[in-house]
Amino acid sequence: MAGRTLDEAGFDAARDGIGAPVRRLEDRRFLTGSASYVSDIHAPDALHAVFVRSAHAHARIRDIDLAAARAGRGVVAVFSGADMEADRVGPMRTMWSIKSPDAPPMAEPPRFALARDTARYVGEPVVVVIAETSINAQDAAERISVDYDVQPAITSAAHAIAADAPRLHESAPGNVCFRWIRGDRPKVEAAFGDAAHVVTADLVNHRIGGAAIEPRAILAIPPGGRDKLALYTATQVPHHIRRLVSEQLGISEARLRVISPDVGGGFGYKGKLYAEESVLPWAAGKIGRPVRWVASRNESFLSDYQARDHRTRAELALDRDGRYLALRVKTYANVGAYVSTFGAAIPSAIYSALLAGVYATPAISVECIGVFTNTVPTDAYRGAGRPEACYVLERLADRAAARLGLDCAEIRRRNLVPATAMPYQTPIGPTYDSGDFPRVFERALVAAGYSGFPARREAARRSGRLLGIGIACFVESSGVAPSRFAGMLGARAGFYESAAISLEPDGSVRAKLGTHSHGQGHATSMAQILATQLGVPVDRIEIVEGDTDIVPYGTGTFGSRSIAVGGSALVIAAKKIIEKGRLIAAHMLEVSEHDLRFEDGRYVVAGTNHAVGIADVAHAAYIPHHFPLETLEPGLQETAVYDPKAFAFSNGAHVCEVSVDPETGHVALERYCAVDDIGTVINPMIASGQVHGGVAQGLGQAILEYVAYDASSGQALSGSFMDYALPRARDVPFLESEFDESQPCAHNPLGAKGCGEAGTIAAPAAITGAVLDALRQLGVREIDMPLTPSRVWEAIRSAKLRSQIGQDDIGGENKGRPERHRASRPGACKDAG
């Protein structure tokens with residue numbers, strides 16, 4: 001039987017396959033207003049919820065008067081924590097109770113969806129009002145009277161560990177959530193004793209927020225005549241939410257369906273459990289009517305999980321030639337008022353694992369201490385632990401270059417792990433399977449025109465501007481972790497991914513995955529993976545995600561894992577499809593399956609021109625008139641689960657050029673060049689967009705964004721976009737992005753590594769380094785992010801005052817003071833004064 005030809009099948013590898021810059025298939029829906037977000041879901045007779053949130057950072061709840069609210073117009077119900085307690089609704093549990101073999105167990109104080117007895121941060125939910133309209137609910141919420149006994153508040157890690165600090169939780173002495181110790185401390189101490197040079201940096205990686213374009217939104221629909229409670233929520237992790245909410249409500253997971261439709265940005269912080277995701281389904285079930293809630297922007301600032309907030313002392317030991325001997329890091333991480341879903345794992349296991357970076361440092365020791373404060377809990381935000389690690393290493397590299405009088409590129413070049421060392425066992429634990437760090441580094445310098453920078457700096461100086469250049473090199477662990485390894489460290493979840501593929505009778509393909517797309521372009525990239533595997537054009541492939549009743553059990557999308565882990569599951573399932581299809585094709589062609597090879601969507605009989613296309617095979621699979629049914633089942637569907645053997649380690653080198661106006665302190669990005677090794681590039685256009693978006697968010701942290709609290713009251717000082725500045729188009733330069741595909745991942749079937757967080761990891765360090773390089777000639781040694789005009793101007797002013805009274809920095813360690821050492825060659829880290 002002659003099958004369809006390749007032309008008839010319509011597959012073109014250059015147009016549809018891996019590596020092709022296919023335009024995003026999903027964009028037409030978004031551009032034409034056909035997307036469906038939680039707020040677009042129609043639910044007849046739906047009620048509206050409004051939350052009353054704590055106005056105090058730390059207060060005991062003495063009494064709540066709900067009578068006036070319950071009597072309000074259109075009010076259906078008003079609930080407090082006491083009502084949830086009466087229904088035996090449990091606490092919100094973390095998904096990763098971090099375990100360190102050299103430290104006490106992590107403290108996980110109980111946290112309830114509606115505060116019981118005590119509120120511990122401004123914005124914590126205390127009461128929920130449910131009414132016929134949102135206006136009715138808001139009016140009733142304003143009638144609620146809460147009698148608070150206000151307590152002293154803590155907003156910083158330094159205050160939390162002070163001897164006189166109030167204790168926030170009985171189960172957390174000294175306000176310590178966890179202590180995490182990693183590395184070979186005796187070896188590190190010995191190396192510091194023998195070092196020719198030691199540089200120290202006291203660093204602040206400040207707190208930031210997510211601020212996605214779509215605020216969090218939830219719709220809960222009670223079972224009614226059905227046997228399932230439906231929860232629509234703007235989440236990145238539908239199955240995690242189903243599990244955690246079921247635990248709290250004390251119901252079977254089989255009784256809860258979680259649907260995450262289109263989501264307008266996630267960035268990690270939407271991949272965690274929130275109080276509202278428990279309150280609404282509980283309330284809907286209690287009332288018997290659908291309940292919806294959409295966060296206001298002010299609520300988002302007060303209740304969305306925040307990120308970073310590290311205070312670090314880092315020390316680097318070097319020999320006389322500037323080669324690294326040892327690294328010693330101690331970090332205090334502010335986890336906020338409670339331990340959130342992955343809030344303890346990020347500043348401990350994930351952050352510390354990346355403190356080797358791209359550098360061959362023989363000995364490393366790390367101590368991370370997580371502390372409770374009266375602030376919004378922290379958790380993942382794009383990068384999640386990796387930007388913090390990169391910032392530590394790159395700030396130390398610049399200081400080491402200044403101390404030794406070396407160019408900033410040279411100090412890095414001398415310490416890069418060579419490609420010949422792969423697989424490379426880091427002294428902190430992880431093993432890098434692949435990577436050519438020197439190759440990526442040199443490509444980035446060439447792309448950025450590094451050798452021509454002195455001439456550009458001089459031209460800028462003549463026009464009254466200060467030009468600086470900064471470098472950031474990084475390693476990113478993508479995929480989060482192999483399940484077994486994460487379990488050893490206290491995770492309550494696996495980090496595998498699942499895929500189910502159905503080849504339909506007409507030859508089209510439907511693939512269901514446990515991942516979730518909220519801007520990543522999965523409908524396109526995953527289709528390209530399948531197109532390459534099955535020889536089916538991308539416009540005949542449908543990708544389905546986000547509904548726990550439809551897709552196989554999966555982990556979701558975060559941690560740069562979707563392609564490396566979810567895509568790998570898809571490849572494995574596709575190979576199973578091909579193998580079953582081979583049996584069907586052999587029956588159709590009346591040959592042995594061993595005589596068939598599969599290529600470009602066709603099964604070809606070896607040594608002949610006889611072939612059958614996969615579309616014809618699919619058609620035959622569902623009409624098994626002549627099948628040997630005792631050995632061959634009808635249909636063509638397969639599933640697969642992929643749990644990575646190890647991390648997929650992407651890496652990159654980014655170079656940033658900035659100009660600084662010394663009269664105003666304004667920082668402008670003139671140029672940004674990125675070279676990234678993300679393994680196999682599925683779609684270069686989408687991958688470049690991911691890097692560009694990451695750089696924009698990293699730029700935001702570096703020069704604009706800052707979550708601020710009043711130190712005495714714990715009140716949020718950045719509760720709107722009037723106080724929290726995001727990058728605008730004019731702030732972001734054209735990004736020069738390249739990919740190096742010479743080192744694919746050695747242990748997954750795609751050879752892919754993570755991509756989505758690369759820009760956010762590198763940009764804060766690269767931009768900060770560039771600004772300090774520009775200001776070094778004025779005697780400025782250090783500025784904490786964000787590098788706002790006022791901070792930069794004040795640093796310039798302070799340096800000028802010190803210079804006038806003759807204060808010189810002898811050791812190159814003190815903030816704002818001029819270096820004594822001079823760079824030995826042109827380029828970054830040269831004191832141009």
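Before reading further, recall that the structure is shown in the block above.
Residues numbered from 1 in each chain as written. Predicted model: local features only at pLDDT ≥ 70, side-chain atom pairs only at ≥ 80, totals over all residues. Heavy atoms only, no water.

Engineer: Help me understand the overall build of the chain in this model?
Structural biologist: Summing up its helical and strand segments, the chain has 23 helices and 28 strands in all. Considering only C-alpha atoms, the chain reaches an extent of 95 × 75 × 50 Å along its principal axes. Taken across its 833 residues, the chain has 62% of its residues classed as buried. For the chain, the proportion of contacts with a sequence separation of at least 24, taken over those separated by at least 6, is 80%. Of the roughly 30200 Å² of accessible surface on the chain, a fraction of 51% belongs to carbon and sulfur atoms. The distance from the centre of the 88 positive side-chain charges to the centre of the 96 negative ones in the chain is 4 Å. (Helix = DSSP H or I, 4+ residues; strand = E, 2+ residues; numbered from the N terminus. Buried < 20%, exposed > 50% of the residue type's maximum accessible area, 1.4 Å probe, protein only. Contact = heavy atoms within 4.5 Å. Areas by Shrake-Rupley, 256 points an atom, 1.4 Å probe, with all protein chains shown as cover. Lys, Arg positive; Asp, Glu negative; His and termini not counted. Charge placed at Lys NZ, Arg CZ, Asp CG, Glu CD.)

Engineer: Even after reading the chapter, I still don't get the packing of helix α21 (residues 684-703) against helix α22 (residues 758-775), so can you show me in this structure?
Structural biologist: Between two packed helices, both the angle of their axes relative to each other and the distance between the axes serve to describe the pair. Contact geometry for α21 and α22: axes closest at 7 Å, N-to-C directions at 40°. In terms of axis orientation, α21 runs oblique to α22. When the axes of α21 and α22 are compared, the crossing they make is right-handed. Taking contact as the criterion, the partners of Val691, Gly694, Val695, Gln697, Gly698, Leu699, Gln701, Ala702 and Ile703 in α21 are, on α22, Gly759, Thr760, Ala763, Pro764 and Ile767. A per-class count over the contact of α21 with α22 returns 8 nonpolar, 6 polar and no charged. (Axes fitted to C-alpha atoms, helices over the stretch in contact; angles between N-to-C directions. Parallel < 35°, antiparallel > 145°, perpendicular 65-115°, else oblique. Left-handed = near helix turned anticlockwise from the far one by under 90°. Nonpolar A, V, L, I, M, F, W, Y, C, P; charged D, E, K, R; others polar.)

Engineer: For this particular structure, what's the right way to read unusual backbone geometry?
Structural biologist: Across the chain, the bulk of peptide bonds are trans and the bulk of non-glycine residues have phi less than zero. Met422 connects to Pro423 through a cis peptide bond whose omega is -5°. If you trace the backbone, Pro423 turns up in the loop between α14 (408-413) and β16 (424-425). Geometrically, the link from Met785 to Pro786 is a cis peptide bond, its omega value of -5° lying close to zero. Turning to its location among the elements, Pro786 is positioned in the loop between α22 and α23 (789-804). At Asn175, a position not held by glycine, the phi torsion is positive, near 60°. When its relative accessible area of 2% is taken as the criterion, Asn175 is described as buried. A positive phi angle, close to 60°, is found at Glu590, a residue other than glycine. By secondary structure assignment, the location of Glu590 is in the loop between α19 (562-589) and β22 (596-599). Look at Glu590 and you get exposed, because its relative accessible area is 73%.

Engineer: Any chance you could explain the sheet that holds strand β26 (residues 648-660) here in plain terms?
Structural biologist: The mixed open sheet is built from 4 strands, whose spatial order is β18-β26-β27-β28. The open sheet is flanked by β18 (466-478) and β28 (735-739), the only strands paired with a single partner. Neighbouring strand axes in the sheet, compared pairwise and without regard to direction, differ in orientation by 15° on average. Where β18 meets β26, 13 bridges bridge the pair, whose relative direction is antiparallel. Directly across from Cys473, in β26, lies its bridge partner Ala653. (Pairing = 2+ DSSP bridges.)

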